[in-house]
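# Per-entry structural report
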Amino acid sequence: MTVRTRFAPSPTGYLHVGGARTALFNWLYARRHGGKFILRIEDTDEKRNTAEAHQVIYDGLKWLGLDWDEGPDMGGDYGPYRQSERSQIYAGHVYEDGGSIRFRSPRKPVVLEDMVCGRIEFDMSNPATHPDMTIRRPDGSFIFHFVNVVDDIEMKLTHVIRGEDHLSNTPKHIELYNALGEKPPVFGHIPLILNHEGKKLSKRDGGSSITYFMEHGYAPEAVANYLCLLGWSPGENREKLTMEEILALFDIDKINRRNAIFDLDKCFWLNGQHILSMGFDRFVELAKPFVEKAGIAYGSEAALLAALTIVKPKVKHLSDVPDWIGFLFTEEFAFDPEAVEKSLKKAGAAGRLQALIAALTKLEDWSHASLEAALRETATTLGVKTGELVHPARVAVSGRSVGPGLYEMFVVLGKERTLARFARAASMAAA
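The structure presented is a predicted model; accordingly, all values stated were derived computationally and were not measured.

## Considerations on the nonpolar core
With 56 residues, the main nonpolar core has Phe283, Leu308, Ile325, Leu360, Phe410 and Phe422 as its most contacted residues. Filtering out sequence-adjacent residues up to four positions away, Phe283 remains in contact with Ile275, Met278, Leu308, Lys312, Val315, Leu318 and Val321. In terms of nonpolar packing, the next biggest core, distinct from the first, is built from 48 residues, Leu28, Ala30, Ile193 and Phe262 among them.

Shown next, in the form of C-alpha cells:
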C-alpha cells in the first residue's frame with residue numbers, strides 16, 4: 001500500500017501555525033513512508049475564494065519547504081486541487097434535487113482506532129446531540145463534511161492526520177464512508193496548539209501565522225524545526241534538528257497527547273541557533289532579500305558578502321541584517337547619542353583617537369592581526385587599557401556601542417574609510 005496523506009486548508013488569507021504543523025506532519029509521514037503528499041484547497045465558500053487567500057497558503061508551504069506530489073498541471077509544476085472545481089464529482093453522489101439535502105445517520109456506535117488518541121467509541125444514537133447532517137445547501141453548494149469525504153475517497157487517501165479539533169467530525173465522516181461503501185482512512189488527531197493562557201492560539205497571538213515568521217526574518221528550517229516540536233519529540237532531549245534529521249526520526253507514535261504550548265521565545269532561540277550553524281551560502285540566500293528590500297546600496301557582490309560574513313555570528317532575525325550592515329555602506333549613518341556621550345565625550349577620547357589615527361596611518365598590513373596588535377601597542381604607549389581605545393573606535397566607525405567585531409569592521413571598511421571615520425569622531429569628541 002502506498003501511503004497517501006493530504007493537507008486541506010480553507011483559503012482564509014491566513015496560514016495558521018496549527019495548519020502549517022498539520023501540513024508538516026502529513027508531509028513528514030508521507031515522506032517517511034515513501035508515499036504521496038497532496039494539497040487540496042477547501043474553497044467551497046465563495047466569499048473566501050480569492051486568489052490572494054490561496055496565495056498565502058502556497059507561499060507559506062513553499063517557504064517551509066513542503067512540496068506536494070500531484071494536482072493540476074501548471075506548466076511543469078503541480079497546482080493544488082480545489083474543491084470549487086470539483087462540484088461535478090460531488091453531484092454524482094447525490095440522488096435528489098431541490099432544497100436542502102441531509103444525510104440520515106444509521107444511529108449506530110462508531111469506533112475509531114486513532115493513531116494518536118487510541119480507541120474511541122462514539123455514541124451516535126441521540127439525534128439531539130448528533131443530528132442528521134446537511135450535505136447540500138438549498139443553493140446547491142455542498143457542506144464541508146460531505147466534500148471532505150468524497151475528495152478523500154477520490155484521491156485514495158490512506159491516512160488523515162489533522163488537529164484534535166476535528167475529532168468530533170470524524171464519526172460523521174466515518175458514517176459517510178460506510179454509506180458510500182468505502183473503507184475509511186487511518187485517522188490521527190494531533191494535539192491543539194495553545195497560547196500561554198491555555199487558550200487555542202488565535203490571530204491575536206504573536207507568531208500565530210506563518211506570514212509573521214516570513215516577514216520577521218526567521219529561517220524556514222528553524223520554524224519547521226519548532227513546529228515539529230509542538231506535540232512531537234525526537235527523544236534524548238534533542239531540540240535543534242535539520243529537516244533531514246527530522247525525516248529520519250519522525251514517528252507518529254511519538255506524538256504527545258497533551259496540547260502543545262506555543263512559545264515564541266523558544267522559536268526565536270531556535271532561529272538563532274539555525275542561523276549560527278547554517279552554511280554561509282544559505283545565510284546569504286536568506287538575508288539578501290531583506291537587504292535589497294531595505295534599499296541598501298551595497299555596490300558590489302563582494303562588498304555585500306564581506307559585510308554579511310562579519311555579522312552572521314550576531315544575527316538572530318534575518319530582518320535585522322540591514323540594520324547590522326547598513327552603516328558599512330554609507331557615511332551618513334546615525335550616531336547613538338548615548339554611545340557618543342559615554343565613549344566619544346569621555347575625557348581624553350579625542351586625543352586617544354588621534355593617537356590611534358597616527359598608529360594606523362603607518363600600518364601597511366591592514367589585517368585583523370596587525371590592526372589588533374597596533375591598537376594594543378598604542379594603548380600601552382598611552383598607558384591606558386585597550387578598552388579606552390576600543391570603545392571610542394567602535395562608535396567612530398559604526399555610530400553605536402555594539403555591533404560586529406571591531407577589527408573585522410576595520411577590514412571591511414578599508415584603511416581610507418576607517419581613518420576618515422576616526423577623524424570625524426575625533427572632531428566630535430573635541431567639540
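## So, the pairing of strand E2 (residues 36-41)
For E2, the tally of buried residues reaches five of six residues, placing the bulk of the element in the interior. Here four bridges tie strand E1 (residues 4-7) to E2, and the two strands are oriented parallel to one another. Looking at E2, one finds that Phe7 is bridged to Leu39. The parallel pair E1 and E2, bridged by helix H1 (residues 17-32), forms a crossover whose chirality is right-handed. For E2 and strand E3 (residues 81-82), the ladder comprises two bridges, and the chain directions are parallel. Within the sheet, the bridge partner assigned to Ile41 lies in E3 and is Arg82.

## Topic: the pattern of salt bridges
According to the stated counting rule, one finds 23 salt bridges in the structure shown. For Arg40, the salt bridge identified is with Glu42, shortest N-O distance 3.2 Å. With a shortest N-O distance of 2.5 Å, Glu164 and Arg257 are connected by a salt bridge. Remark: Arg257 occurs in the loop between helix H8 (243-249) and strand E11 (260-261) and Glu164 occurs in the loop between strand E8 (159-163) and helix H5 (170-179); sequence separation between them is 93 residues. In the salt-bridge network here, residues are joined through shared partners; they are Arg6, Arg40, Glu42, Asp151 and Asp152.

## As for the sheet that holds E3
Read from one edge to the other, the open sheet built from three strands follows the order E1-E2-E3, with strand pairing classed as parallel. One side of each edge strand has no neighbouring strand; the edge strands of this open sheet are E1 and E3. Contacts between H1 and the sheet are confined to E1 and E2, with E1 contributing the most and set at about 165° to the helix.

## With respect to the side chain of Ser209
With respect to the helices, strands and loops of the structure, Ser209 is situated in the loop between strand E10 (193-194) and helix H6 (210-215). With a relative accessible area of 11%, Ser209 lands in the buried category. Ser209 has contacts with Tyr14, Leu15, His16 and Val17, leaving out every residue within four places of it along the chain.

## Focus: helix H2 (residues 51-64)
Under the 1.5 Å per step criterion, the end-to-end length of H2 is 20 Å for 14 residues, consistent within 8% with the ideal 20 Å. Within H2, the full set of buried residues consists of Ala53, His54, Ile57, Tyr58, Gly60, Leu61, Trp63 and Leu64. Where H2 is buried, its residues touch E1, H1, E2, E3, H6 and helix H7 (220-229).

## Description of unusual backbone geometry
Backbone geometry follows two general trends: most residues other than glycine have a negative phi, and most peptide bonds adopt the trans configuration. Even without glycine at this site, Arg107 takes up a positive phi of about 60°. Turning to its location among the elements, Arg107 is positioned in the loop between strand E4 (101-103) and strand E5 (110-114). Judged by relative accessible area, Arg107 falls into the partly exposed class, the value being 25%. Phi is positive for Asn237, which is not a glycine, with a value near 55°. Position of Asn237 relative to the elements: it lies in the loop between H7 and H8. For Asn237, a relative accessible area of 80% translates into the label exposed.

## What about helix H11 (residues 301-311)?
Along H11, the residues that are buried comprise Leu304, Ala307, Leu308, Ile310 and Val311. For H11, the angular spread of the buried residues around the axis is 165°, confining them to a single face. Those residues of H11 that are buried are in contact with helix H10 (280-293), helix H12 (321-325) and helix H17 (406-413).

Rules used throughout
Starting from 1, residues in each chain are numbered consecutively following that chain's sequence as written. Two thresholds apply to this predicted model, a pLDDT of at least 70 for residue-level local features and 80 or more for giving and counting side-chain atom pairs, whereas whole-chain, interface and lining totals are computed over all residues. As a rule here, side-chain values come from all non-hydrogen atoms in the structure, and water together with hydrogens is ignored. Side-chain atoms within 4.5 Å link the members of a nonpolar core, which is a set of buried Ala, Val, Leu, Ile, Met, Phe, Trp, Tyr and Cys residues. When a residue's accessible area, from a 1.4 Å probe over protein chains only, is under 20% of the maximum for its type it is buried; when over 50% it is exposed; and in between it is partly exposed. We call two residues in contact whenever any of their non-hydrogen atoms come within 4.5 Å of each other. A helix here means a DSSP run of H or I that spans at least four residues, while a strand means a run of E at least two residues long, and both kinds are numbered starting from the N terminus. The pairing criterion for strands is at least two bridges between them, as found by DSSP. By convention a crossover is right-handed if, when the strands point away from the viewer, the path from the first strand over the helix to the second runs clockwise. One speaks of a salt bridge when a side-chain nitrogen belonging to Lys or Arg is within 4 Å of a carboxyl oxygen belonging to Asp or Glu. What counts as an axis is a line fitted to C-alpha atoms, over the stretch in contact for a helix, and the angles between N-to-C directions run from 0 to 180 degrees. Under the convention used throughout, the expected extent of a helix is 1.5 Å for every residue step, that is, one less than its residue count. Starting at the helix axis, one direction is taken to each C-beta atom, and the arc is that of these directions.

Nothing here speaks to function; it is all geometry.
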